[in-house]
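Chain residues, written in single-letter form:
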Amino acid sequence: MRQDVEKIIALLRAEMERAIRSENENLTRDGRLAWYWSYIGALDMAHQLGLITDKHLQELYEEVEDLRKVAMRPDEEKR
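Remember, predicted model here, so these are calculated numbers, not experimental data.

Undergrad: How would you explain the overall build of the chain if you had to name every residue and give the values?
TA: Looking only at helices and strands, the chain has four helices and zero strands in total. Across the chain, helices and strands are ordered from the amino to the carboxyl terminus as α-α-α-α. Oriented by its inertia axes, the alpha-carbon framework of the chain measures out at about 40 × 20 × 15 Å. The burial tally for the chain puts 30% of its 79 residues in the buried class. Just so you have it, the chain exposes about 5400 Å², and 53% of that area is on carbon and sulfur atoms. Counting 13 positive and 17 negative side-chain charges, the chain places the averaged centre of each group 2 Å from the other.

Undergrad: Tell me about the packing of aromatic side chains, and please be specific about residues and values.
TA: Overall, the coordinates contain one aromatic pair when judged by the stated rule. On the basis of an interplanar angle of 80° and a centroid distance of 4.9 Å, the ring pair of Y36 and W37 is categorised as edge-to-face. On the accessibility criterion, Y36 (4% relative accessible area) is buried.

Undergrad: Give a description of the packing of helix α1 (residues 2-20) against helix α4 (residues 65-72) that names residues and reports values.
TA: Closest axis-to-axis distance for the α1/α4 pair is 10 Å, and the angle between their directions is 30°. The hand of the α1/α4 crossing is left-handed. Across from M16, E17 and I20 in α1, the residues of α4 making contact are L67, V70 and A71. Class assignment of the residues belonging to the contact of α1 with α4 gives a composition of five nonpolar, no polar and one charged.

Undergrad: Run through α1, naming residues and quoting values.
TA: Helix length check: α1 (19 residues) gives 27 Å between terminal C-alpha atoms against 27 Å at 1.5 Å per residue, within 8%. Considering only its buried residues, α1 is in contact with α2 (29-48), α3 (54-63) and α4.

Undergrad: Describe the pattern of salt bridges, and please don't skip the residues or the numbers.
TA: Under the criterion given, the structure shown has seven salt bridges. Between E63 and R13 there is a salt bridge, with its nearest N and O atoms 2.9 Å apart. Of this pair, E63 sits in helix α3 while R13 sits in helix α1; the two residues are 50 residues apart in sequence, bridging distant segments of the chain. A residue is classified by how much of its surface remains accessible, and E63, at 39% relative accessible area, is partly exposed. Using a relative accessible area of 22% as the deciding quantity, one classes R13 as partly exposed. Between E65 and R68 there is a salt bridge; the shortest N-O distance is 2.5 Å. Here R68 and E65 lie together in helix α4, a separation of three residues that amounts to about one turn. R68 gets classed as partly exposed once you look at its relative accessible area, which sits at 23%.

What counts as what
- Residue numbers run consecutively from 1 along every chain, following the written order of its sequence.
- pLDDT decides what is reported in this predicted model: residues at 70 or higher carry local features, side-chain atom pairs at 80 or more are listed and counted, and totals for whole chains, interfaces and linings draw on all residues regardless.
- Computation of side-chain values covers all heavy atoms of the structure but excludes hydrogens and water.
- What counts as a helix is a DSSP run of H or I of at least four residues, what counts as a strand is a run of E of at least two, and both are numbered from the N terminus.
- Think of it in three bands: with a 1.4 Å probe and only protein chains considered, a residue is buried below 20% of the maximum accessible area for its type, exposed above 50%, and partly exposed in between.
- For the area figures, the Shrake-Rupley method with a 1.4 Å probe applies, and any residue is considered shielded solely by the protein chains shown.
- Within this scheme the basic residues Lys and Arg register as positive and the acidic residues Asp and Glu register as negative, but His and the chain ends are omitted.
- Lys charges are placed at NZ, Arg charges at CZ, Asp charges at CG and Glu charges at CD.
- Side-chain rings of Phe, Tyr and Trp (the six-membered ring for Trp) are treated as a pair once their centres are within 6.5 Å; stacked means planes under 30 degrees apart, edge-to-face means over 60, and tilted covers the remaining angles.
- Axis definition: a line fit to C-alpha positions, over the contact stretch in the case of helices; interaxial angles, taken between N-to-C directions, run 0 to 180 degrees.
- Should the near helix be turned counterclockwise from the far one by less than a right angle, the crossing is left-handed, whereas a clockwise turn marks it as right-handed.
- Contact between two residues is taken to exist if any of their heavy atoms lie within 4.5 Å; hydrogens are not considered.
- When residues are sorted by character, Ala, Val, Leu, Ile, Met, Phe, Trp, Tyr, Cys and Pro go into the nonpolar class, Asp, Glu, Lys and Arg into the charged class, and all the rest, Gly among them, into the polar class.
- Under the convention used throughout, the expected extent of a helix is 1.5 Å for every residue step, that is, one less than its residue count.
- Every case where a carboxyl oxygen of Asp or Glu lies within 4 Å of a side-chain nitrogen of Lys or Arg is listed as a salt bridge.

Spelled out as structure tokens, the structure:
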């Protein structure tokens, strides 16, 4: 089951990163933040269900810290 969880987390991250880094001008700062926080929420749920450890959760948070910063940029500075 661990491999399945890791595969799903990787797919979620890839989709979140694609959306946040997208050149789609219709995706606003709020939209990018929604993608980011949805991913964080999915990690939290996986942790609460016992599917990932505290240590792994922290590692996953750290891996996407740069994306949080990208998501938070004002719309005109995103590029």
